[in-house]
Amino acid sequence: MFLCIDTCTNVCSIAVVTPKLDILSERLYNYKLRHSEILIPEIESMLKELGFSMEEMTRVYVTNGPGSFTGIRIGVTVANTISQVRNIPVYSVCLLDLLVESFRFLDGVILSVIYARANQYFYAFYHISNHQIERTSDYKMGDIDEIAQRINEIDKQVFISGEFLEEHKQKLGQNVGFSSGHSRMPRASVLPFVDILNGSMQTNGYVVPFYLEKSQAEKNLEKQRNE
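A.B. asks: Got a sec to walk through the pattern of salt bridges? Specific residues and values, please.
C.D. replies: Inspection of every chain in the model, using the stated rule, returns eight salt bridges. Between aspartate 195 and arginine 59 there is a salt bridge whose closest N-O contact spans 3.2 Å. With a gap of 136 residues between them, aspartate 195 in helix 6 (residues 191–198) and arginine 59 in strand 4 (residues 59–63) connect regions that are remote in the sequence. We classify aspartate 195 as buried; its relative accessible area is 10%. Owing to a relative accessible area of 23%, arginine 59 belongs among the partly exposed residues under this scheme. Linking arginine 104 and glutamate 101 is a salt bridge whose minimum nitrogen-to-oxygen distance equals 2.6 Å. The buried category is assigned to arginine 104, whose relative accessible area is 3%. Assessed through its relative accessible area of 9%, glutamate 101 is described here as buried. Connected through salt bridges with shared partners, the residues Arg27, Glu42 and Glu49 form a single ionic network.

As structure tokens, then:
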């Protein structure tokens, strides 16, 4: 059985998926970044409800960013600890890649986007053809004007997976399509699907957090050094 974890955003998502990719259970919580309080108890509760123990888990999947610094660290730390204690492999994927998976059966250009803070977004562009997903840009962090300019440079409709602030949507122009509400939310249960279909997971035995920006503590330290 596969234990799947995502804690990169306000939503904490956990799931148990079989090797045949049957989703046995999935839980999503929006507890305003109380992931450190709920993650392990909810995993234990979910396994108990299914009649499983941690000893029956054969893989751990986790998103490693970008997103909340605290959220990323919590999910990655729990996944790495389970992997080491149980001596089972741990697999990770970028959250932006995860959000694109629900569009696999659509041909076209996809923008995967996560709100960061202070009107900034994490984002990346992808192209999907014949059920194959190819990332066509670097993982980036930028404001709404930067993203809107990138969209305007594309002469095709751009489908958006993720969520923009309402006041920013009007800046994106008419050449965009938004995903439905349920597909805008990261789903931990999708992680094994990304692995099986793309084969792009990290499998080096230890997951490293993926940050697109420096933490506030790092910025403050850097500022002090330059003064």
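Now, onward.
A.B. asks: Lay out the side chain of serine 161 with the relevant residues and their values.
C.D. replies: Within the secondary structure, serine 161 is located in strand 10 (residues 158–162). Classification of serine 161 by relative accessible area gives buried; the value is 0%.

A.B. asks: Explain the environment of valine 17 to me, using residue names and the numbers behind them.
C.D. replies: Inspection of the secondary structure puts valine 17 in strand 2 (residues 11–17). Of the residues examined, valine 17 reaches a relative accessible area of 0% and is grouped as buried. Counting along the chain gives 16 residues from valine 17 to methionine 1, while the straight-line C-alpha distance between them is 6.1 Å. Excluding residues within four positions of it along the chain, valine 17 makes contact with Met1, Phe2, Cys4, Asp22, Ile23, Ser189 and Pro192.

A.B. asks: Outline the confidence of the model for the protein chain, listing residues and values.
C.D. replies: Here the protein chain shows a mean pLDDT of 87. Residues at 70 or above account for 88%. Here helix 7 (residues 216–226) is the element of the protein chain with the lowest mean pLDDT, 47, and strand 1 (residues 2–6) is the one with the highest, 97. Considering only residues more than four positions removed or in separate chains, one finds that residues 216–223, a stretch of pLDDT under 50, has four contacts.

A.B. asks: Give me the lowdown on the pairing of strand 7 (residues 120–129), citing residues and values where you can.
C.D. replies: A large share of strand 7 lies buried, amounting to seven of its ten residues. With nine bridges joining them, strand 6 (residues 108–117) and strand 7 adopt antiparallel strand pairing. Counted as the bridge partner of leucine 111 is phenylalanine 125 from strand 7. Counting the residues between successive antiparallel strands, the hairpin from strand 6 to strand 7 contains two residues, one of them, alanine 118, with a positive phi of roughly 50°. By the bridge criterion, four bridges tie strand 7 to strand 9 (residues 140–143) in an arrangement that is antiparallel. Across the sheet, the residue bridging to phenylalanine 122 is methionine 141, located in strand 9. In textbook terms, the turn of a hairpin is the stretch between consecutive antiparallel strands, and for strand 7 and strand 8 (residues 132–135) this stretch comprises two residues, one of which, asparagine 130, has a positive phi near 50°.

Quick notes on the rules
Residues numbered from 1 in each chain as written. Predicted model: local features only at pLDDT ≥ 70, side-chain atom pairs only at ≥ 80, totals over all residues. Heavy atoms only, no water. Salt bridge = Lys/Arg side-chain N within 4 Å of Asp/Glu carboxyl O. Helix = DSSP H or I, 4+ residues; strand = E, 2+ residues; numbered from the N terminus. Buried < 20%, exposed > 50% of the residue type's maximum accessible area, 1.4 Å probe, protein only. Contact = heavy atoms within 4.5 Å. pLDDT = per-residue confidence, 0-100. Pairing = 2+ DSSP bridges.

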